Amino acid sequence: MVTLLQIHEPGETPEPHATKSELAVGIDLGTTNSVVAISSEGKPEVIRDNDGSALVPSIVAYAPDGSAIVGTLAKGLLLSRPEAVVSSIKRLMGRGVADIKSLAGQLPYEIESTNSEGMVRLKVSGQSLTPVEISADILRALKERANERLGETVSKAVITVPAYFDDAQRVATKDAARLAGIDVLRLVAEPTAAALAYGLDAGAEGLYAVFDLGGGTFDVSLLRMEKGVFQVLATGGDAALGGDDFDHAIAEYFLGQRTGELHEKSFSADEAKVALMTARLAKECLTTDESGEWVIEARGETSRHSLGRDELDLLIKPLVDKTIKICSNVLDDGGVGIDEIKGVVLVGGSTRVPLVRKRVGEFFGREPLANIDPDEVVAIGAALQAEALTQGSDTLLLDVIPLSLGLETMGGLVEKVVHRNTTIPVAKAQEFTTFQDGQTAMSIHVVQGEREMAEQNRSLARFNLSGIPPMTAGAARIRVTFQVDADGLLTVSATEDSTGINAQVEVKPSYGLSDEEMATMLRASMEHAQDDMELRLLTEARVEAERAMKAVESALKADCSLLDDGERDAIGRQIDVVMAAVRGNDRDLINAEVENLDSVTRPFAEKRMDKGIRSALKGVEVKKLDT
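What you see is a predicted model; the values in this text were computed from it and never measured.

Colleague: Which residues make up the packing of aromatic side chains, and what values do they have?
Modeller: Any two aromatic rings considered together are summarised by their centre-to-centre distance and by the angle between their planes. Under the defined criterion, the tally for this structure stands at 4 aromatic pairs. Their ring planes at 90° and their centres at 4.8 Å tell us that F363 and F364 sit as a pair that is edge-to-face. The same class applies to F363 and to F364, which are both buried. Through a chain of ring-to-ring contacts, the aromatic side chains of Y253, F254 and W294 assemble into a single cluster.

Now the structure itself:
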């Protein structure tokens, strides 16, 4: 048989994996706008339309026949056909109906639901659509833009997600990509992608902070870049803080000038809407100008409003100060000082506001890096990572999980197994045991959050481990393992040591945490830390008391004949005392009464031990014991 060899001229051999099927792009799938970029030989490039614009508005318009229009054309239909247009769909990714009912009145479409725990469905132009399907249409448009400009078919992508996206939201993003015909190489946190763009572009090494302030959210991440390794040390933020809040402050100021009122509730909805649009324009103008004058026309009245840069700074200073406070907290989480920060990367359109740049520079003691367009930097970083994963790279990207993962234990307590800001991918295991004698199954409840009680956190999944050999309480050894992959997706498994029986679940809930919930949970964990710990200690005392009472009751059932009436009555009275203490909220009293129960039952325990020894030695010759 003759083997045909493909011969190439020196230096013209194709790179490994460099095939059309491996063409990969980076996608920033945003709430307001999305961007797609490509990188070749370490040189990233944003893919633009015929007018030179890199931004694709994340807006979709649907025709009755089901066809979709995405981007600028869809945006133009918002006023004339609002019932057929969907915007800000990213807010609903990975969320259930119960999570978003309060949003229904604020969204420009109707929410359809028959299952309170299922995936959200929207009624748009006579169709029933999920956020995953709508996001898939946006991703298809980005893919088509790339196909047209590159002359090849894009099949793979690195897609960015907010640092606070939970497991369900990440799964929803991957599902949308799958519907769009895109294989997701990796999900990367948006601040991390921005740092990747700066790090590889400048060959940077050292400790960097990424300050990401968009229209509705704020994130800050701390990354260490060293010898090609990009490691996220800590991340934090506020999902209810952004440029929209700046607009609100300016609008209230303008409306106060207009009517002498200070509260928006005194104005009509149309007047407030016009004021907010005017405020956004003023904010953008004052990015470059020192002062200006704007007109508000509403309810048949026209008013003129002047605003200078100094006045704007006073209006938004409390909001900017919040971002700086969060930066300080993240530095504490990472265990580093400001003097260790080598550079600060700015991401998001709201970082163009002069006061933001000034305060960031003052806090970190250095001029922020902003030489890459903050609207494009995330997609550029994603493109660089896409090239690294398909063509090879000397770089390694290590991200973290935003919120802790754990299990519900007796009394509704949470035992954290993987703590927030743990580097991923990661696998961690912890041993648990049974609570009752003869227990043959265990219900595993996986939760996410920072609070001490399961009900205060988000439930991710439940599954059962059955077939545990019947043993005394506390004798079984069940090893529960949490595995979080590089995309932040979770798998939990449980194994009983003596038999090897195993059960596992890939955590894929139909809805997840909103950005607001994520930030709220973190804030709540700090605000209620002392109360949570007190509640945890009280619950632990109650669980231990119940365990002690069950053990005594089990012993009485088995060996009650070893006691006389007085001894049985004394133990019974003390059990009643313990039960009464458990119903109260005095942890010290509960612990004290459990100790008293131990004292009262100690003679009983000694009698049971003597009985056990006699039983074990029954029929055994003394001479055999001597040997």
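Colleague: Outline the sheet that holds strand β5 (residues 59-62), listing residues and values.
Modeller: The strand order β6-β5-β7 describes an open sheet built from 3 strands, whose pairing is antiparallel. Edge positions in the sheet fall to β6 (68-70) and β7 (85-87), since each has one partner strand and no second. Between one strand axis and the next, the sheet turns by 20° as a mean value, whatever way the strands run. Alignment of β5 against β7, held across 3 bridges, turns out to be antiparallel. The partner of V60 across the bridge, within β7, is V86. The strands touched by helix α3 (residues 131-150) within the sheet are β5, β6 and β7, with β5 carrying the most contacts at an inclination of about 105°.

Colleague: Account for the packing of helix α8 (residues 309-334) against helix α9 (residues 354-364), with residues named and values stated.
Modeller: Here α8 crosses α9 at 40°, and the two axes come no closer than 9 Å. Overall, the two elements α8 and α9 adopt an arrangement that is oblique. Judged by the sense of rotation from one axis to the other, the crossing of α8 with α9 is right-handed. Each of R309, D313, I316, K317, V320, D321, I324, C327, S328 and L331 in α8 lies in contact with α9, whose residues at this interface are P354, L355, V356, R359, V360, F363 and F364.

Colleague: Outline the confidence of the model for the protein chain, supporting the account with residue identities and numerical values.
Modeller: Looking at the protein chain, the pLDDT average stands at 78 and 79% of residues meet or exceed 70. Counted against residues more than four places away or in other chains, residues 261-265, with its pLDDT under 50, gives 8 contacts. Within the model, pLDDT remains below 50 along residues 510-515, and this stretch shows 34 contacts once partners closer than five positions in the same chain are excluded.

Conventions and cut-offs
Residues numbered from 1 in each chain as written. Predicted model: local features only at pLDDT ≥ 70, side-chain atom pairs only at ≥ 80, totals over all residues. Heavy atoms only, no water. Phe/Tyr/Trp six-rings, centres within 6.5 Å; stacked < 30°, edge-to-face > 60°. Buried < 20%, exposed > 50% of the residue type's maximum accessible area, 1.4 Å probe, protein only. Pairing = 2+ DSSP bridges. Helix = DSSP H or I, 4+ residues; strand = E, 2+ residues; numbered from the N terminus. Axes fitted to C-alpha atoms, helices over the stretch in contact; angles between N-to-C directions. Contact = heavy atoms within 4.5 Å. Parallel < 35°, antiparallel > 145°, perpendicular 65-115°, else oblique. Left-handed = near helix turned anticlockwise from the far one by under 90°. pLDDT = per-residue confidence, 0-100.

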